[in-house]
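Report on the structure
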Amino acid sequence: MEIKAKIPDPKSAFYQEEIETMPVEKLKALQLERLRKQVKNIYDNNPYFQKVYQDAGFKPEDLKSLDDISKIPFMEKSTVREGYPTKIVTGPVGDMREMHSTSGTTGKPVLIFASEHDIDLWADRNARELWMVGVRPGDIFLNSFGYGLPTGGFGFHYGAQRMGACPIPLSGGQSDRMVDILVDLPVKAFCATPSFALYVGQKAQEKGFDLAKDSTCSISLHGAEPWAWSTRMRIQELFGTMAFDEFGMTEFLGPGMTCECQARTDSTPQRMHAWADHLLAECINPDTGMPVADGEDGEMVWTNLVNTGTPLIRYRSRDLASLTWKPCPCGRTHPRMSPIKGRSDDAVSISGLIVFPSQVEEALARFPEMGANFRIIVETDPRGMDFFTLKVELKDRGYLSDENLVQGLKQKMKEAVKSVTDVNPKVVELIGPDELPRVTKGEGKTASARVEDRRKKE
Ligand code: ZN
């Protein structure tokens, strides 16, 4: 196993240069070696997963190449929940040093135990991320992620200590203290959810401070919720920082999974490096379970290659994003992931392309004639090709008698939907107001409410 890295020269662009810039072939060979070892260990030592694997007809010896990962059954949220409380823990309980937990708002929580070894590697990943965005030994790092059952605050705390910086464990929700600390102490970097950062920025202004001038902070990290590029610009303006996106899930010890490097730009779809020596990221078509092409949207599936406490293998996140192994200008070879675009439960796959009802809604909302509702109807033609029809309610039934308007709208709506989804609706059908079944506000953006799937499923 890895030896704790020595703190590098502050001028180095990398915290663990050899690993971060490892040639892709070597990195993938390392992934295969670790995957085989990890799966064998789980199979041999965890009766719960041994049964799951045996029921699926899978044996660790089946793993001869990285492509063979498709032979391992997925871990669904339900499988993991059924393992509550400790059936999915693979290491001896006496080796564990920390436990974290998902919120469990939609069922039993997932309890994640971490051994000393796991915490050690977790610290390394977070140290890499802080170093990558510009934090250096001796810097003060203000941490406003929560210190509690979710992993939020802990990852960067350990990471900052590991690389020789000084974390301040402010934890969440303390905007006044945060303004005071940013003004009074020579803080170099902070992390916060984007919405909390905006709130703190406003608070500071109300107190008469301009944090862009009155604080020494030049770096900020944000995650745990989706945020637009315009929000990033606003945060950068409020705090005078370079703002970076990071993403993590408590099931994989949260922060330290993926983070943007300094080469991130608005026009790069995939911006966050995912640490491939510790985590194997797959991007699959949620309907078929097969991998999508490099850079295409799909569901993220994660495998923990190194942890000994609660390593999840092929865990279906239901998060939709894209992943690329294309080289990054920063020199890191680890693949990059896009921000999360939505939930796979809320999307539909049409001819292998992922379509979100929310994208279609956005495209249609630009037409002032559009009413309250629309419906995507997916079918298969006799050659087996998927196609979809769009039914769109208009605000006023009277529009339907204007033939020119109707023809023009159908054409423009087709083009607008194609431009956001890459799929051309075969037919756009315009109908009067309230002809479609109502959807409640909460389900308005979900596929179940917006999509009628008439394809035959085997
Ligand atoms: Zn990079």
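As a reminder, the structure under discussion sits directly above these lines.
These numbers were taken from a predicted model, which means no experiment stands behind them.

**Remarks on the overall build of the chain**
Helix and strand content of the chain: 13 helices and 20 strands. Relative to a compact globule of 458 residues, whose C-alpha radius of gyration would be 23 Å, the chain shows 24 Å and is just as compact. Its C-alpha atoms put the chain at 75 × 65 × 40 Å along the principal axes. Here the chain, with 458 residues, has 54% of them falling under the buried criterion. Within the chain, contacts between residues at least 6 apart in sequence are counted, and of these 67% link residues at least 24 apart. As presented, the chain carries roughly 20300 Å² of accessible surface, and 53% of it is formed by carbon and sulfur atoms. Looking at charge distribution, the chain has the averaged site of its 58 positive side-chain charges lying 1 Å from that of its 65 negative ones.

**Overview of the coordination of the zinc ion**
Within the first shell, the zinc ion binds the protein through Cys261 (SG), His273 (NE2), Cys328 (SG) and Cys330 (SG), at distances of 2.1 to 2.3 Å. Of note is the zinc ion, whose four donor atoms meet at the metal with angles of 103 to 114° in an arrangement that counts as tetrahedral. Look at Cys261 and you get buried, because its relative accessible area is 1%.

**Remarks on helix 11 (residues 357–365)**
Buried within helix 11 are the following residues: Pro357, Val360, Ala363 and Leu364. In an axial view of helix 11, the angular spread of the buried residues amounts to 125°, which keeps them on one side of the axis. Opposite the buried face of helix 11, by more than 90 degrees, sit the exposed residues Glu362 and Ala365.

**Focus on the environment of Val39**
With respect to the helices, strands and loops of the structure, Val39 is situated in helix 2 (residues 24–45). Look past the residues within four positions of Val39 in its chain and what remains in contact with it is Tyr53, Phe58, Pro60, Leu63, Ile72 and Ile313.

**Examining the pattern of salt bridges**
Per the counting criterion, the structure on display carries 32 salt bridges. Between Glu260 and Arg271 there is a salt bridge, with the nearest N and O atoms lying 3.1 Å from each other. Of the two residues, Glu260 sits in strand 8 (residues 258–260) while Arg271 sits in the loop between strand 8 and strand 9 (272–274), which places them eleven residues apart along the sequence. It is possible to trace a salt-bridge network through shared partners that takes in Glu76, Glu299, Arg316 and Arg318.

**Let's talk about the environment of Met413**
By the element assignment, Met413 lies in helix 12 (residues 403–421). Since its relative accessible area comes to 0%, Met413 is described here as buried. When the C-alpha positions of Met413 and Leu364 are compared, they lie 6.6 Å apart, and in sequence the two are 49 residues distant. Discounting chain neighbours no more than four positions away, the residues touching Met413 are Leu364, Phe367, Val392, Val428 and Leu430.

**As for helix 10 (residues 229–239)**
Of the positions making up helix 10, those classed as buried are Thr231, Arg232, Ile235, Gln236, Leu238 and Phe239. For helix 10, the angular spread of buried residues about the axis comes to 165°, placing them on one side. Exposed side of helix 10, more than 90 degrees from the buried face: Ser230 and Glu237 are the residues found there. Directly after helix 10, the chain includes Gly240, whose backbone phi takes a positive value near 65°.

**Quick word on unusual backbone geometry**
Note the cis peptide between Tyr84 and Pro85, where omega equals -5°. Tracing the chain through its elements places Pro85 in the loop between helix 4 (77–82) and strand 1 (96–101). Of note in the backbone geometry, Leu253 takes a positive phi value of approximately 60° without being a glycine. Inspection of the secondary structure assignment puts Leu253 in the loop between strand 7 (242–247) and strand 8. You will see that Asp434, though not glycine, has its phi angle at about 60°, which is positive. Relative to the helices and strands, Asp434 is located in the loop between strand 19 (427–431) and helix 13 (447–450).

**Some words on the side chain of Ser338**
Mapped onto the secondary structure, Ser338 falls in the loop between strand 13 (336–337) and strand 14 (342–343). For Ser338, a relative accessible area of 1% gives the class buried.

**Describing the packing of aromatic side chains**
Two numbers describe a pair of aromatic rings. These are the distance of the centres and the angle of the planes. The tally for this structure, following the rule as stated, stands at twelve aromatic pairs. Ring centres 5.4 Å apart and planes at 75° place the aromatic pair Trp122 and Tyr158 in the edge-to-face group. Of this pair, Trp122 sits in helix 5 (residues 116–133) while Tyr158 sits in helix 6 (residues 152–162); the two residues are 36 residues apart in sequence, bridging distant segments of the chain. Both residues of the pair, Trp122 and Tyr158, belong to the buried class. Ring centres 6.0 Å apart and planes at 70° place the aromatic pair Phe141 and Phe156 in the edge-to-face group. Of this pair, Phe141 sits in strand 3 (residues 140–143) while Phe156 sits in helix 6, placing them 15 residues apart in sequence. For the pair shown, Phe141 and Phe156 are each scored as buried. Members of the aromatic cluster, connected to one another through ring pairs, are Tyr48, Phe49, Tyr53 and Phe58.

**Details of the nonpolar core**
Judged by nonpolar contacts, the single largest core of 45 residues is most densely connected at Val39, Tyr53, Ile72, Phe252, Met300, Trp302 and Met337. One finds Phe367, Phe388, Val392 and Val417 within the second-largest nonpolar core, a separate group that totals 24 residues.

**Observations regarding the sheet that holds strand 17 (residues 370–380)**
Strands sit in the order 19-18-17-20 across an open sheet of four strands; the sheet is mixed. Each edge of the sheet is formed by a strand with only one pairing partner; in this case those strands are strand 19 and strand 20 (451–453). Averaged over all neighbouring strand pairs, the angle between strand axes comes to 20°, with direction disregarded. Looking at chain direction, strand 17 and strand 20 are connected through three bridges and run parallel. For Ile377, the partnering residue across the bridge sits in strand 20 and is Glu452. Here helix 11 sits on the sheet in contact with strand 17, strand 18 (386–394) and strand 20, set at roughly 135° to strand 17. The strands touched by helix 12 are strand 18 and strand 19; relative to strand 19, the strand with the most contacts, the crossing angle is about 130°.

Procedures and definitions
Residues numbered from 1 in each chain as written. Predicted model: local features only at pLDDT ≥ 70, side-chain atom pairs only at ≥ 80, totals over all residues. Heavy atoms only, no water. Helix = DSSP H or I, 4+ residues; strand = E, 2+ residues; numbered from the N terminus. Rg over C-alpha atoms; globule rule 2.2 N^0.38 Å. Buried < 20%, exposed > 50% of the residue type's maximum accessible area, 1.4 Å probe, protein only. Contact = heavy atoms within 4.5 Å. Areas by Shrake-Rupley, 256 points an atom, 1.4 Å probe, with all protein chains shown as cover. Lys, Arg positive; Asp, Glu negative; His and termini not counted. Charge placed at Lys NZ, Arg CZ, Asp CG, Glu CD. Donors = N, O, S within 2.8 Å, 3.2 Å for Na, K, Ca; no water. Tetrahedral: all angles 85-135°; square planar, octahedral: opposite > 155°, others 65-115°. Arc of directions from axis to C-beta. Salt bridge = Lys/Arg side-chain N within 4 Å of Asp/Glu carboxyl O. Phe/Tyr/Trp six-rings, centres within 6.5 Å; stacked < 30°, edge-to-face > 60°. Core = buried A, V, L, I, M, F, W, Y, C linked by side-chain atoms within 4.5 Å. Pairing = 2+ DSSP bridges. Axes fitted to C-alpha atoms, helices over the stretch in contact; angles between N-to-C directions.

All quantities given are derived from atomic positions and should not be read as evidence of function.
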